[in-house]
Amino acid sequence: MPRMKWPLRSGRPCVQIVLTLAADGQIFPRTVLADTGAGSLTAGIELILEEDDCLLCGGNPEQLATLGGAYVGSFPIYILPVQLPALGFAQNVRVVGVPSVPAGFDGIACFSFLNRFHYGNFGDPGVFGLES
């Protein structure tokens, strides 16, 4: 099983995803906070990113999501292609665009995204990883 691990960022777990810029097709890596407490398995969203990043990657708002945790209100949902190349993951994912994200991160990976994989520190308390 392929496995990817990332060092903790400010003591918090993170994952690096790859998006694609609409203008020129260049890869656009984003480091997101891995937050199993963000959303439920059935919430219908997998990532929370800055709305500007969603637009840079060619996102068109599909509908609105009403959030009520760290973000309160209605925010646009985008369908964006997301990759984790080392894990062979490349799928369209439901992403909520918000005005700002946690300091030091480019967004949040919600429980429904993380739950696609085996996740944890795999015996190393200084990292967070995903395994397909």
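Rules used in this analysis
- Residues numbered from 1 in each chain as written.
- Predicted model: local features only at pLDDT ≥ 70, side-chain atom pairs only at ≥ 80, totals over all residues.
- Heavy atoms only, no water.
- Helix = DSSP H or I, 4+ residues; strand = E, 2+ residues; numbered from the N terminus.
- Rg over C-alpha atoms; globule rule 2.2 N^0.38 Å.
- Buried < 20%, exposed > 50% of the residue type's maximum accessible area, 1.4 Å probe, protein only.
- Contact = heavy atoms within 4.5 Å.
- Lys, Arg positive; Asp, Glu negative; His and termini not counted.
- Charge placed at Lys NZ, Arg CZ, Asp CG, Glu CD.
- Pairing = 2+ DSSP bridges.
- Axes fitted to C-alpha atoms, helices over the stretch in contact; angles between N-to-C directions.
- Salt bridge = Lys/Arg side-chain N within 4 Å of Asp/Glu carboxyl O.
- Phe/Tyr/Trp six-rings, centres within 6.5 Å; stacked < 30°, edge-to-face > 60°.

Participant: Just checking my understanding: could you explain the overall build of the chain for this structure?
Facilitator: Within the chain, the secondary structure is distributed over two helices and ten strands. N-terminal to C-terminal, the α/β element order of the chain is β-β-β-β-α-β-β-β-β-α-β-β. Relative to the 2.2 N^0.38 estimate, which gives 14 Å for 132 residues, the radius of gyration of the chain is 14 Å and therefore close to what a compact globule would have. By its C-alpha atoms, the chain is 40 × 35 × 25 Å across when sized along the principal axes. Here the chain, with 132 residues, has 43% of them falling under the buried criterion. Considering only contacts in the chain between residues 6 or more positions apart, those separated by 24 or more positions represent 60%. Computing the positive centroid from 7 side-chain charges and the negative centroid from 11, the chain places the two 8 Å apart.

Participant: I'm lost on the sheet that holds strand S10 (residues 127–131) in this one. Help?
Facilitator: Taken in spatial order, the three strands of this open sheet run S1-S10-S9, and their pairing is antiparallel. Each end of this open sheet is capped by a strand with a single partner; those strands are strand S1 (3–7) and strand S9 (118–120). Averaged over all adjacent pairs, the angle separating strand axes in this sheet is 10°, with direction ignored. As judged from the five bridges shared by S1 and S10, these two strands associate in the antiparallel manner.

Participant: Can you help me understand the pattern of salt bridges in this one?
Facilitator: Once the charged atoms of two side chains with opposite charge are near each other, the side chains can pair. Tallied over the entire structure, the rule returns four salt bridges. We note a salt bridge from glutamate 131 to arginine 3, for which the minimum N-O separation is 2.6 Å. A residue pair is termed long-range when its members are at least 10 positions apart, and glutamate 131 in strand S10 and arginine 3 in strand S1 qualify at 128 residues. Between arginine 30 and aspartate 53 there is a salt bridge, and its shortest N-O distance comes to 3.1 Å. Of this pair, arginine 30 sits in strand S3 (residues 27–34) while aspartate 53 sits in helix H1 (residues 51–56); the two residues are 23 residues apart in sequence, bridging distant segments of the chain. Since its relative accessible area comes to 14%, arginine 30 is described here as buried. On the accessibility criterion, aspartate 53 (7% relative accessible area) is buried. One salt-bridge network, in which partners are shared between bridges, spans Arg30, Asp53 and Asp106.

Participant: In this structure, what is going on with the packing of aromatic side chains? I would like to understand it.
Facilitator: The relative placement of two aromatic rings is captured by the distance of their centres and the angle of their planes. Evaluation of the coordinates by the stated rule reveals five aromatic pairs. Here tyrosine 71 and phenylalanine 75 contribute two aromatic rings whose centre-to-centre distance is 6.3 Å and whose plane-to-plane angle is 80°, an arrangement assigned as edge-to-face. The same class applies to tyrosine 71 and to phenylalanine 75, which are both buried. Here tyrosine 119 and phenylalanine 128 contribute two aromatic rings whose centre-to-centre distance is 6.2 Å and whose plane-to-plane angle is 35°, an arrangement assigned as tilted.

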